[in-house]
Amino acid sequence: MDKPAAKRVPLFRSLQLKYALAYIVVIALVLLLLNTYPIIASQDQVFKSKQTSLQNQANVLSSSLAVADTITPEGVAQAMEMLGHTSMARVLVTDSAGLILYDSAGPENIYRYALFSELNGALSGWDVSRSGYRDGSFSTRAAAPITYRNLTIGAVYLWEADAEQGALLMNLRTTLINISMVVCILVILCSIFFSKALTRRIEDLLQAIAIVRGGQYNHRVELVGRDELSLLADEFNNLTDRLQVTEDVRRRFVSDASHELKTPLASIRLLTDSILQSPEIDPETTREFVSDIGAEADRLTRISEKLLTLTRLDSAVEPARCPVAVSAVVDKVASMLAPLAKAGEVTLKLELDSECVVFATGDDLSQIAFNLMENAVKYNRPGGEVLVTTSHTRDRAILQVTDTGVGIPEADQEKIFDRFYRVDKARSRAAGGTGLGLSIVLDTVKQHRGTVTVESTLGTGTRFTVSFPLCKEEVVE
Ligand code: ADP
């Protein structure tokens, strides 16, 4: 059988894409942070330590040059010689006007003006240092004034380039980028896998809904794990269970109802055929047949009335409730049943409690009492007795109907509330029963939040007990 198709969502609007994108965006942000923060932080750290050390060296050099009120190229050359070999990329010494007196890069710049901004700062009396990262190496520059008796007589400029630390930082950056690439690929694969797994389960559920919608009520979803989707699937299965039960009940009810309606119709047909096909039939037999047709028509009326009552109860329309005195209802029903009781030689006894009040409708209580009391009379024996009592406890109103009739076998006791169920079909039919009375009682009792129970001993008698929440309001006449 073809499976009904579930509706599909295009990929660009799908939960799968949204879920995967959310995943990827979060990870991309984390990776961005991972690729920038450690590099910036370690670069800062390196710059700081480099600047401090270079500035110290510039200060040492400037102090060693501050020995007279003027500085000369010869004096500087002498001092530099004394300091010996330096690892600096460049060392510059200028006079107070910025004229270069010493340049470690060579003599060609001697007596030219130095234009480094750090030197300008130093000639104004400040220590100045700067760092940068260029072409894979750290470049640090520091300048310090040469001060003699509070007069700035020149400035020292040092420049250092560190390719080693630069390479380390480069390595760190490359490693981080490589790790990020791998993580990125893994995350994309994971997000596709997880989002697919999640949406596949949702698709399964949608598919199952479509199948059940198509009328296949026995279809169930397989439960995977214990997350919210499993709960949803479990709830769906429970719902489908209920649907299946309701559908089974409905089917059985329709088939039972049509069967029940067919039987009297077939009898009527048979009786009318008998009359029509026997021209010499005597008037007495005709009368008998017509009376039987009338009885069958009455049965049809009873069945259809009861079916209508059940349909009303199934429709779950809330009845207009008010406080109802159960005893008054029972009293009225007893008078209605008096002729039937008399005909069956059954004594009807009532023990009534005027405070037994229920929040319900008079018609519904009358229906309950009538069906139970009629059964107690119908399934009794000549000379038997029916005792109807109403009573109340602190919070319950109780109606009991006890008879001395044929009783109900234990195996049948829980089935008698089913629609069209009869213990003794022949007896029920003879007594004009439809098999619907007790199911109407059960549905009506439930509608008013009550309960109904049965106790019975075969051959001795039966007791039905109906209990409702007690209504403490006054009965409105
Ligand atoms: P019916 O219209 O056949 O009476 P009910 O639904 O009222 O249908 O009852 C279902 C069956 O339960 C009856 O057919 C009868 O066999 C049994 N039953 C109900 N009440 C009694 C009773 N008081 N004593 C014995 N059997 C009963």
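The sections below set out a description of the structure shown in this document. (Residues numbered from 1 in each chain as written. Predicted model: local features only at pLDDT ≥ 70, side-chain atom pairs only at ≥ 80, totals over all residues. Heavy atoms only, no water.)

Scanning the chain from N- to C-terminus turns up 10 helices and 12 strands. With respect to the three principal axes, the spread of C-alpha positions in the chain is 160 × 55 × 35 Å. Counting every position in the chain, which comprises 477 residues, the buried fraction comes to 38%. Sequence-distant contacts in the chain: of pairs separated by 6 or more residues, those separated by 24 or more amount to 67%. Taking the 49 positively charged and 58 negatively charged side chains of the chain as two groups, their mean positions are separated by 3 Å. (Helix = DSSP H or I, 4+ residues; strand = E, 2+ residues; numbered from the N terminus. Buried < 20%, exposed > 50% of the residue type's maximum accessible area, 1.4 Å probe, protein only. Contact = heavy atoms within 4.5 Å. Lys, Arg positive; Asp, Glu negative; His and termini not counted. Charge placed at Lys NZ, Arg CZ, Asp CG, Glu CD.)

The terminal C-alpha atoms of helix α4 (residues 163-213), which comprises 51 residues, lie 73 Å apart, in line with the 75 Å expected from a rise of 1.5 Å per residue. Two or three places before E164, at the opening of α4, D162 has a side-chain oxygen 3.0 Å from that residue's backbone nitrogen. (Expected span 1.5 Å × (residues − 1). Polar contact = N/O pair within 3.5 Å; in protein donor to acceptor, adjacent residues only side chain to side chain.)

What follows concerns the site of the ligand. In the vicinity of the ligand there are 22 residues, among which N375, Y379, S428, T434 and L438 approach most closely. Take Y379: an N or O atom from its side chain is 2.8 Å from an oxygen atom of the ligand. Isolated, the ligand exposes 530 Å² of accessible area, and the fraction of that covered by the protein chains is 98%. Mapped onto the shell around the ligand, the elements with two or more residues apiece are α8 (362-378), α10 (437-447) and β12 (461-469). Per element, the largest residue contribution to the shell around the ligand is three residues, and it comes from α8. The residue makeup of the shell around the ligand, split by class, is 10 nonpolar, eight polar and four charged. (Near = heavy atom within 4 Å. Areas by Shrake-Rupley, 256 points an atom, 1.4 Å probe, with all protein chains shown as cover. Nonpolar A, V, L, I, M, F, W, Y, C, P; charged D, E, K, R; others polar.)

Turning our eyes to something else, we now look at the pairing of strand β2 (residues 100-103). Two elements, strand β1 (residues 90-95) and β2, share three bridges in a ladder whose sense is antiparallel. Across the sheet, T94 pairs through a bridge with I100, a residue of β2. Where β1 folds back onto β2 in an antiparallel hairpin, the turn is made up of four residues, including G98, whose phi is positive at roughly 95°. (Pairing = 2+ DSSP bridges.)

Applying the stated criterion across every chain yields a total of 16 salt bridges. Among the salt bridges present, the one from K50 reaches D162, with a minimum N-O distance of 2.7 Å. A residue pair is termed long-range when its members are at least 10 positions apart, and K50 in helix α1 (residues 15-65) and D162 in strand β5 (residues 151-162) qualify at 112 residues. Note that R299 and E296 form a salt bridge whose closest N and O atoms lie 3.5 Å from each other. Here R299 pairs with E296, and both are found in helix α6 (residues 283-314), just three residues apart, close to one helical turn. E296 matches R299 in its accessibility class, with the two residues each being buried. (Salt bridge = Lys/Arg side-chain N within 4 Å of Asp/Glu carboxyl O.)

Moving on to the sheet that holds strand β7 (residues 347-351). The five strands lie next to each other as β7-β9-β10-β12-β11, forming an open sheet whose pairing is mixed. Taken across any chain shown, the strands that pair with only one partner, and hence form the sheet edges, are β7 and β11 (451-457). On average, adjacent strands in this sheet sit at an angle of 10° to one another, irrespective of strand direction. Against the sheet, helix α7 (residues 326-343) engages β7, β9 (385-392) and β10 (396-403), with an angle of about 170° to β7. Its contacts with the sheet place α10 against β11 and β12, and it is angled at close to 140° to β11. (Axes fitted to C-alpha atoms, helices over the stretch in contact; angles between N-to-C directions.)

Residues L365, I368, L372, M373, F464 and V466 are the most contacted members of the largest nonpolar core, which totals 36 residues. Secondary structure elements with two or more residues in this core: α7, β8 (357-360), α8, β9, β10, α10, β11 and β12. (Core = buried A, V, L, I, M, F, W, Y, C linked by side-chain atoms within 4.5 Å.)

Reading across from one edge, β2-β1-β5-β4-β3 is the order of the five strands in this open sheet, with antiparallel pairing throughout. With one partner strand each, in any of the chains shown, β2 and β3 (128-134) form the two edges of the open sheet. Averaged over all pairs of adjacent strands, the angle between strand axes in this sheet comes to 15°, irrespective of strand direction. Where strand β4 (residues 137-148) meets β5, 11 bridges bridge the pair, whose relative direction is antiparallel. Bridging across to β5, A144 finds its partner in V156. Its contacts with the sheet place α1 against β1, β3, β4 and β5, and it is angled at close to 30° to β4. Against the sheet, helix α2 (residues 73-83) engages β1 and β2, with an angle of about 25° to β2.

Attention now goes to the side chain of Q55. Position of Q55 among the secondary structure elements: in helix α1. Classification of Q55 by relative accessible area gives buried; the value is 9%.

Look at α7: 26 Å from first C-alpha to last across 18 residues, which is about the 26 Å you get at 1.5 Å a residue. Along α7, the residues that are buried comprise V326, S327, V329, V330, V333, A334, L337 and A341. Backbone geometry just downstream of α7 places E345 in the positive-phi region, at approximately 55°.

Here we take up a nonpolar patch on the surface. Taken together, the side chains of L11, F12, L17 and L21 define a hydrophobic patch exposed on the protein surface, amounting to about 410 Å² of accessible area. Mapping L11 onto the fold places it in the segment before α1. (Patch = residues over 30% accessible without salt bridge, like charges linked within 9 Å, V, L, I, M, F, W, Y side chains within 5 Å.)

Packing of α6 against α10 leaves a shortest axis separation of 10 Å and a crossing angle of 25°. Our classification of the angle between α6 and α10 gives roughly parallel. Between α6 and α10 lies a crossing of left-handed hand. Across from K306, T309, L310, L313 and D314 in α6, the residues of α10 making contact are G437, S439, I440, D443, T444 and Q447. Residues that form the contact of α6 with α10 fall into these classes: three nonpolar, five polar and three charged. (Parallel < 35°, antiparallel > 145°, perpendicular 65-115°, else oblique. Left-handed = near helix turned anticlockwise from the far one by under 90°.)

At Y111, a residue that is not glycine, the phi angle is positive and equals roughly 65°. Position of Y111 among the secondary structure elements: in the loop between β2 and α3 (117-123). Located in the positive-phi region is R149, a residue other than glycine, with phi close to 50°. Looking at where R149 falls in the secondary structure, it is placed in the loop between β4 and β5.

Any functional reading would require information beyond the geometric quantities listed.
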